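For reference, the chains in residue letters:
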Amino acid sequence: MLKDCVFAASSPPISTPNLGFLQKCSTMDQLKQYHSQIIRIGLSTNNNVMTQLLNFCSLHRNGDLAYAIKVFEKIPNPDTFIYNTLIKSYLQYHLPADCVLLYSQMLENSVTPNSFTFPLVIRACFLSDCIEEGKQIHAHILKLGFGVHDVCLNNLIYMYAKFRALEDARRVFDKMPERNSVSCTSMISGYSQWGFIDEAFEVFQLIWESEPELERNSASWNAMIAAYVKNNKFHEAFDLFDQMRGEKVKLDKFIAATMLSACSGLGSLEKGKWIHGYIEKNGIEIDSKLATSIIDMYCKCGNLDKAFEVFRNSGRKRVSSWNSMIGGFAIHGKAEEAIKLFREMERDMVVPDKITFVNLLTACAHSGLVNEGRYYFDYMTRVHRIEPTTEHFGCIVDLLGRAGMIEEARRMLNTMPMKPDATVLGALLGACKNNNRNIEVGEEIGRKLIELEPENSGRYVLLANLYANACKWEDVGNVRKLMNDRGVKKSPGCSLIELGGSVNEFVSGGRNHPESKQVYDQVDEMLECIRAVGYLPDTSQVLHEADEEKKEKSLRYHSEKLAIAFGLLNAETAETLRISKNLRICKDCHQASKLISKVFNRKIVIRDRRRFHHFEKGHCSCNDYW
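Residues numbered from 1 in each chain as written. Predicted model: local features only at pLDDT ≥ 70, side-chain atom pairs only at ≥ 80, totals over all residues. Heavy atoms only, no water.

(A) A look at the overall build of the chain. Assigned secondary structure in the chain consists of 32 helices and 6 strands. Once the C-alpha set of the chain is aligned to its principal axes, its extents read approximately 100 × 60 × 55 Å. Burial analysis of the chain (626 residues in total) assigns 52% to the buried set. Considering only residue pairs separated by 6 or more positions, the chain has 65% of its internal contacts joining residues 24 or more positions apart. On the chain, roughly 30300 Å² of surface is accessible, and the fraction owed to carbon and sulfur atoms is 49%. (Helix = DSSP H or I, 4+ residues; strand = E, 2+ residues; numbered from the N terminus. Buried < 20%, exposed > 50% of the residue type's maximum accessible area, 1.4 Å probe, protein only. Contact = heavy atoms within 4.5 Å. Areas by Shrake-Rupley, 256 points an atom, 1.4 Å probe, with all protein chains shown as cover.)

Put into C-alpha cells, the structure is as follows:
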C-alpha cells in the first residue's frame, strides 16, 4: 500500500557540467568507462549528471536495467528526475509492479513527485491491474495540487475506463477545469470499449455544443466512428463519416483504417474502393496497419483478386498483412492458395503467429483437407513452438466434424488441456446436426452450450435443428419453450446488398423496404423459373411440424432471396450481386442461389456468417461443402 507522506522542499537546481561525451555513447562498455570518469572527477553525487547516465543505461536500446538499478542504489539523494527516469525504465521493461514500488519508495524518502511522475505511475497501475493503488495515486494528485494538470487527469480517465470504472472516469472528466480533445477522445473510447455507445455519442456531441472553443479534430471523429464500428453499428459509422466530410475534416490514415473496417462489416465494396482511391489520390502514407485494412476490406467484400493485388504491391509486409491474406483465402474456400502463401511467408522469413495458424486451419476445415489440417496443427507446435489455444482446437474439431469424423473430434475435445469453450462445443454440435447418426452426442453438447450461453439464441436454434433433422418434434417444441421461458429471441435473418454505392437491407419476411412489393413479386417469379430446371424446396431445417406447403412458404422469403431479387430488379445486366448475411446460409437458399445463377446468368457472391459462396453457372465455390 502506498503511504501518505509529508514532502520536503525540492533542492535548488545544480548547474550541469558539459557532458557531451554521454551523447556520443552507444554501448554499455563505453558508458561504464564514462561512468568511471564521472566518479573520478567527483560528479557521482550530482543528480543532473546521474540522470543523464541513467537515461542511457535504463532507456537506450543498448542499455542495461540491472546496471541502472545498481547506479541508482549508489546515489545518496536521488531527486524527482532520477526517480522518474527509473520508473519510466521499469515501464519500458514491462515491470509495472516495480514502478509502483519505486513510487512508494520515493514517497518514503520525501521526494516530491511532479507532473511527469503521475502519468507513468497511473499507467503502471492499470498494467498491473491495481485499481485500488490507482485510486491512491488519484488522491495524491489532488493533494499535491495536480488536479488541474490535464495530462495527469487524462491518464486517470484512461485508467478508470480500462478498469470499467466509468462513473469514476466521468467524474474526473466532468470536474476537469479545462477539457481538451484528448480528454474527450479518452472518454469516448472508454465508453465505447464497454459498449456504452449512447453515452459516448453524448460526450462527442454535447461537449462541443457546451464548449465551442474545443475543436473536433480527426482523433475525436475517429474515436466516435471507431466506437460505432466496434459495436457493429456500421450505418451510424457511415452517417458520422459523411457528417465529418461535410465539416471539411481531413481524412487521415487512422480514420481511413476505421472506415475500411466499417466497409468490411457491411460488405460495402464500392465505399471501400472510394476510400482506397482517396488514400492513393491524396498521398496518405500506407503503413502496415493501413495496408492490412485495405487487404482485409477487399477480402471481406468479396473481391479476392484485388486484395491479392494490393498484397503483392505492398512493400515490406508484416505478419498482419500475411495473416489477412491467408485468412481471405480461407473464408473464400481457397485452401490450396492459403497453404501456398503460408509456405511463401516462411521462405520470406516472416515468423507466423497464432492468428496465422487459426487462418490456415480454417482454410483446411472449409475445404475438407483433413490430412493437411492435422499436419499443420502438429507443425504449429513442433516447428514454431506455438501452443494451441481454444481457437486452434475449435478449428481442428470443426475440420474433423465437417468430415464426419465425430468420434475423433470428440476425443480431441476431451483431450484439450483447457476447458472447451462455446466456440469449440459449437463446432462439434454443428457437425452432429449434419450427421443424424450422432444425435446423442449432439444433444449432450447442445445442452452444455445452452447452459454456457443461455442468452445466445443461435445455440437453441442449432439444437432445435438437430432434433428437427431427426423428426423429434416434441424435443424441438421443448427447446422453443425453453427459449420463450427465458425470454430469448431468435435473431432474424438479415441480408445486405450494395448497389450504386447504396446499401439495402432485407429481413426475412420483412416488408419495410420501399420496393418490397416489386421484390416479393420478383421472388415469386424467380422461384417459378428455377422450378423448371429442377428446384425443390429443402424443408429439412424447418423448425416445426407442418405440411410441406406451409414449410415451403416459410422458406420462400428468406432474406438472401429478397436481396437477390432486388439485385435482379436493379443491377446492371453484367453486374455481380454481392450480398452479406448475418447467419449461415440454409441448404434451401444455397440450392436456390446455384440455380438462379444458372437461369438468370448472374454471378452471385454471398458472404454468410462463416464464409463466402461464389455462385456461377449453377455451381458454388464451396462445392457444397460448408
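(B) Looking closely at the nonpolar core. Counting residues in hydrophobic clusters, the biggest one holds 165 residues, and the most contacted among them are Met224 and Met325. Those residues in contact with Met325 that lie beyond four places of it in its chain are Ile295, Cys299, Leu304, Ala307, Phe308, Phe311 and Leu341. In terms of nonpolar packing, the next biggest core, distinct from the first, is built from 32 residues, Ile497, Val523, Leu527 and Ile604 among them. (Core = buried A, V, L, I, M, F, W, Y, C linked by side-chain atoms within 4.5 Å.)

(C) Inspection of helix α2 (residues 28–40) at higher detail. Its 13 residues give α2 an end-to-end C-alpha distance of 18 Å, which sits within 8% of 18 Å, the value for a rise of 1.5 Å per residue. Those residues of α2 not exposed but buried are Met28, Leu31, Tyr34, His35 and Ile38. For α2, the angular spread of the buried residues around the axis is 115°, confining them to a single face. Exposed residues lying more than 90 degrees from the buried face of α2 are Asp29, Gln33 and Arg40. Two residues or fewer after α2 comes Gly42, characterised by a positive phi angle close to 80°. (Expected span 1.5 Å × (residues − 1). Arc of directions from axis to C-beta.)

(D) Structural view of the pairing of strand β4 (residues 604–607). Burial along β4 is two-sided: Ile604 and Ile606 and Val605 and Arg607, pointing in opposite directions, are all buried. Both strand β3 (residues 577–581) and β4 contribute to a ladder of 4 bridges, which runs parallel. When the sheet's bridge partners are listed, Arg578 is paired in β4 with Val605. Assessed by its sense of winding, the connection that carries the chain from β3 through helix α32 (residues 587–599) to β4 is right-handed. When β4 meets strand β5 (residues 612–616), the two strands line up antiparallel, connected through 4 bridges. Residue pairing in the sheet places Val605 in a bridge with His614 of β5. Hairpin connection, β4 to β5: the antiparallel pair is bridged by 4 residues. (Pairing = 2+ DSSP bridges. Right-handed = clockwise from strand over helix to strand, strands pointing away.)

(E) Spotlight on unusual backbone geometry. In this structure, Arg164 takes a positive phi of about 65° despite not being glycine. Within the element layout of this structure, Arg164 appears in the loop between α9 (150–162) and α10 (166–175). Judged by relative accessible area, Arg164 falls into the partly exposed class, the value being 46%. A positive phi angle is found at Asn623, which is not glycine, with a value near 55°. With respect to the element layout, Asn623 can be found in the segment after β6 (619–620). Exposure remark for Asn623: the relative accessible area of 66% places this residue in the exposed category.

(F) Quick peek at the packing of aromatic side chains. Considering all chains together, one arrives at 21 aromatic pairs under this definition. A ring pair is formed by Phe241 and Trp274, whose centres lie 6.4 Å apart and whose planes are at 75°; its orientation type is edge-to-face. With Phe241 in helix α14 (residues 234–246) and Trp274 in helix α16 (residues 269–281), this pair connects stretches of sequence that are 33 residues apart. Clustering of aromatic rings is evident, with ring pairs tying together Phe342, Phe357, Tyr375, Tyr376 and Tyr379. (Phe/Tyr/Trp six-rings, centres within 6.5 Å; stacked < 30°, edge-to-face > 60°.)

(G) Quick peek at helix α15 (residues 253–266). Compared with the 20 Å implied by 1.5 Å per residue over 14 residues, the 20 Å span of α15 between its first and last C-alpha is a close match. A large share of α15 lies buried, amounting to 10 of its 14 residues. Downstream of α15 by a residue or two, Gly267 has a phi angle that is positive, lying close to 70°.

(H) Quick look at the pattern of salt bridges. In this structure the tally under the stated criterion is 27 salt bridges. Linking Asp174 and Arg179 is a salt bridge whose minimum nitrogen-to-oxygen distance equals 3.9 Å. Judged by relative accessible area, Asp174 falls into the partly exposed class, the value being 40%. The residue Lys472 makes a salt bridge to Asp475 at a minimum N-O spacing of 3.6 Å. For Lys472, a relative accessible area of 32% puts it in the partly exposed group. Linked through salt bridges whose partners overlap, the residues forming this network are Arg170, Asp174, Arg179 and Glu202. (Salt bridge = Lys/Arg side-chain N within 4 Å of Asp/Glu carboxyl O.)

(I) Fine view of the pairing of strand β2 (residues 502–507). Here strand β1 (residues 494–499) runs beside β2; their pairing, made up of 6 bridges, is antiparallel. Bridge pairing links Leu496 to Glu505 in β2. The turn joining β1 and β2, which pair antiparallel and follow one another in sequence, is formed by 2 residues; a positive phi near 60° is taken by Gly500.

(J) Summary view of the environment of Glu515. One can find Glu515 in the loop between β2 and α29 (516–531). Taking C-alpha positions, Glu515 is 36 Å from Phe308, a pair spaced 207 residues apart along the chain. Reaching out from Glu515, the side chain makes a polar contact with the side chain of Asn570 at a distance of 3.4 Å. (Polar contact = N/O pair within 3.5 Å; in protein donor to acceptor, adjacent residues only side chain to side chain.)

(K) Here's a closer look at the environment of Glu498. Its place among the elements puts Glu498 in strand β1. Its relative accessible area of 11% is what places Glu498 among the buried residues. As for Glu498 and Arg556, which are separated by 58 residues in sequence, their C-alpha atoms are 22 Å apart. Not counting chain neighbours up to four residues away, the residues in contact with Glu498 comprise Gly267, Ser268, Leu269, Glu270, Lys271, Val503 and Arg578. One polar contact links the side chain of Glu498 to the main-chain amide nitrogen of Leu269, over a distance of 2.8 Å. Within the local environment of Glu498, its side chain forms a polar contact with the backbone nitrogen of Lys271, the two atoms lying 3.5 Å apart.

(L) Representation of the sheet that holds β3 within the structure. Here 6 strands make up an open sheet; going across it, the order is β2-β1-β3-β4-β5-β6 and the pairing mixed. Edge positions in the sheet fall to β2 and β6, since each of these pairs with one other strand and no more.

(M) How the structure looks around the environment of Phe126. You can see Phe126 is positioned in helix α7 (residues 117–127). Phe126 sits in the buried class, given a relative accessible area of 16%. It is 8.3 Å that separates the C-alpha atoms of Phe126 and Tyr160, two residues lying 34 residues apart in sequence. Other than its neighbours up to four places away in sequence, Phe126 contacts Tyr158, Met159, Lys162 and Phe163.

(N) The arrangement of the packing of helix α6 (residues 96–108) against α7 in detail. At a minimum axis distance of 8 Å, the contact between α6 and α7 shows a crossing angle of 135°. Viewed along their axes, α6 and α7 adopt a mutual orientation that is oblique. The way α6 lies across α7 gives a crossing that is left-handed. Two secondary-structure elements touch here, α6 through Pro96, Cys99, Val100, Tyr103 and Met106 and α7 through Thr117, Phe118, Val121, Ala124, Cys125 and Leu127. Its residues assigned to classes, the contact of α6 with α7 comprises 10 nonpolar, 1 polar and no charged. (Axes fitted to C-alpha atoms, helices over the stretch in contact; angles between N-to-C directions. Parallel < 35°, antiparallel > 145°, perpendicular 65-115°, else oblique. Left-handed = near helix turned anticlockwise from the far one by under 90°. Nonpolar A, V, L, I, M, F, W, Y, C, P; charged D, E, K, R; others polar.)

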